[in-house]
Amino acid sequence: MATCKEVSELVSQRLDRRLGLRDRLRVRLHLWVCDACARFAQQIEWLRRAARTAGALEPRLSPEARTRIRSKLGLRR
Amino acid sequence: MRRSLAEDLVQETLTAALTARERYSGAASERTWLIGILKNKLIDHLRRAGRETLLDPHDEVDDTIETMFQNDPGRHWQSEPSPWANPSGALEQQQFWRAFADCLDTVPARQAQAFTLTEIEGLSSDEVCKVLGVAATNLWVLLYRARMRLRTCLEQRWFVPEDG
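Residues numbered from 1 in each chain as written. Chains lettered and ligands numbered in written order. Predicted model: local features only at pLDDT ≥ 70, side-chain atom pairs only at ≥ 80, totals over all residues. Heavy atoms only, no water.

### Quick notes on the overall build of chain B
Part 1 of the argument: When you go through chain B residue by residue, the secondary structure sums to 8 helices and 0 strands.
Part 2 of the argument: Ordered by position from N to C terminus, the α and β elements of chain B give α-α-α-α-α-α-α-α.
Part 3 of the argument: Expressed as a percentage of its 164 residues, the buried residues of chain B come to 37%.
Part 4 of the argument: Pairs at least 24 residues apart make up 67% of the contacts formed inside chain B by residues separated by at least 6 positions.
Part 5 of the argument: Carbon and sulfur atoms make up 52% of the accessible area of chain B, which amounts to about 9800 Å² in all. (Helix = DSSP H or I, 4+ residues; strand = E, 2+ residues; numbered from the N terminus. Buried < 20%, exposed > 50% of the residue type's maximum accessible area, 1.4 Å probe, protein only. Contact = heavy atoms within 4.5 Å. Areas by Shrake-Rupley, 256 points an atom, 1.4 Å probe, with all protein chains shown as cover.)

Rendered as structure tokens:
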């Protein structure tokens with residue numbers, strides 16, 4: 001039986017690569033019986049969705065930065 | 001990313017674009033062209049930052065992560081992940097994004113870079129490995145540690161603040 005630490009590593013890795021058959025099986029069996037790891041797996045998957053959302057938000061320059069950059073570029077407002 | 005750094009990169013981008021404006025063919029939209037330049041500036045910056053930290057003894061063991069698990073044979077959680085209330089609602093709250101940014105700031109630099117490039121910028125593993133100068137196996141470790149820290153921090157700061 002895989003340990004919780006191993007499983008936490010594997011459920012992170014499966015977001016980044018395809019796990020081998022043996023690891024997929026170990027993870028599945030463990031998650032079946034371990035609520036803590038199952039929750040962890042859901043939460044880091046949610047973390048990925050949250051980060052993707054953050055990537056899609058449009059950052060805006062502060063007015064001060066806008067003024068500073070404009071003057072640096074020799075543009076008038 | 002620090003706001004001042006973001007602003008510096010935007011400034012460098014606009015300066016570079018102004019200098020190279022004759023080479024803008026109009027084939028892509030101005031926005032796409034500028035974002036292309038900005039991406040290169042960002043990658044340059046991370047390469048420089050990466051080189052500076054590359055000399056660090058590569059942290060084989062991360063004590064913070066180690067202490068999140070017990071030393072029993074099953075390496076059980078020291079403190080089990082708690083159920084989160086209404087995670088999707090959090091995404092619509094500005095305060096949540098502040099907590100998210102604060103938590104990302106507490107993650108060690110290279111782990112945070114790996115996370116930002118992979119999850120926020122959506123670069124491929126190959127691209128991130130090139131930027132950070134690491135092998136894929138190292139990238140997985142960096143991402144694991146970043147996720148562990150971020151998850152714990154968000155849980156404490158947002159999802160399960162102290163019991164009432």
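### Points about the state of the cysteines
Part 1 of the argument: With the rule as written, the count across this model stands at 1 disulfide over all chains.
Part 2 of the argument: For Cys103 of chain B, the disulfide goes to Cys153 of chain B, at an S-S distance of 2.0 Å. Its torsion about the S-S bond being -80°, the disulfide of Cys103 of chain B and Cys153 of chain B is classed as left-handed. Residue Cys103 of chain B is located in helix 5 (residues 94–106), and its partner Cys153 of chain B is located in helix 8 (residues 136–159); the two are separated by 50 residues in the primary sequence. Neither residue differs from the other here; Cys103 of chain B and Cys153 of chain B are each classed as buried.
Part 3 of the argument: With no disulfide of its own, Cys4 of chain A lies closest to Cys37 of chain A among cysteine sulfurs, the gap being 3.8 Å.
Part 4 of the argument: With relative accessibility at 2%, the residue Cys4 of chain A sits in the buried group.
Part 5 of the argument: The cysteine Cys37 of chain A is free of any disulfide, with Cys34 of chain A supplying the nearest cysteine sulfur at 3.7 Å. (Disulfide = S-S within 2.5 Å.)

### A word on a nonpolar patch on the surface
Part 1 of the argument: A cluster of nonpolar side chains, Met1, Trp32 and Val33 of chain A, forms an exposed patch at the surface whose accessible area comes to about 470 Å².
Part 2 of the argument: Assignment of secondary structure puts Met1 of chain A in the segment before helix 1 (4–13). (Patch = residues over 30% accessible without salt bridge, like charges linked within 9 Å, V, L, I, M, F, W, Y side chains within 5 Å. Salt bridge = Lys/Arg side-chain N within 4 Å of Asp/Glu carboxyl O.)

### A closer look at the interface of chain B and chain A
Part 1 of the argument: Listed per partner, the contact involves 41 residues of chain B and 35 residues of chain A.
Part 2 of the argument: Contact between chain B and chain A buries roughly 3400 Å² in total, counting both sides, with carbon and sulfur atoms accounting for 66%.
Part 3 of the argument: In terms of surface lost to chain A, no three residues of chain B exceed Gln11, Trp140 and Arg147 of chain B, which account for 19% of the buried area on that side.
Part 4 of the argument: At the junction of chain B with chain A, the criterion picks out 4 salt bridges.
Part 5 of the argument: With its nearest N and O atoms 3.0 Å apart, the salt bridge here joins Arg147 of chain B to Asp16 of chain A.
Part 6 of the argument: The tally of links from chain B across to chain A stands at 12 residue pairs in polar contact (both at pLDDT 80 or more).
Part 7 of the argument: Only helix 1 (3–19), helix 4 (87–90), helix 5, helix 6 (109–120) and helix 8 of chain B provide two or more residues apiece to the side of chain B that touches chain A.
Part 8 of the argument: Looking at the side of chain B that touches chain A element by element, the count peaks at 10 residues for helix 8 of chain B.
Part 9 of the argument: Partitioning the side of chain B that touches chain A into residue classes produces 23 nonpolar, 8 polar and 10 charged. (Buried area = accessible area lost by both parts, 1.4 Å probe. Polar contact = N/O pair within 3.5 Å; in protein donor to acceptor, adjacent residues only side chain to side chain. Nonpolar A, V, L, I, M, F, W, Y, C, P; charged D, E, K, R; others polar.)

### Side note on the packing of helix 1 of chain A against helix 2 (residues 21–33) of chain A
Residue and element names in this part refer to chain A.
Part 1 of the argument: It is the contact of helix 1 with helix 2, at a shortest axis distance of 10 Å, that shows an interaxial angle of 120°. On the basis of the axis angle, helix 1 is oblique to helix 2. For the crossing formed where helix 1 meets helix 2, the hand is left-handed. Judged by residue contacts, Cys4, Glu6, Val7, Leu10 and Val11 of helix 1 engage Asp23, Arg26, Val27, His30 and Leu31 from helix 2. (Axes fitted to C-alpha atoms, helices over the stretch in contact; angles between N-to-C directions. Parallel < 35°, antiparallel > 145°, perpendicular 65-115°, else oblique. Left-handed = near helix turned anticlockwise from the far one by under 90°.)

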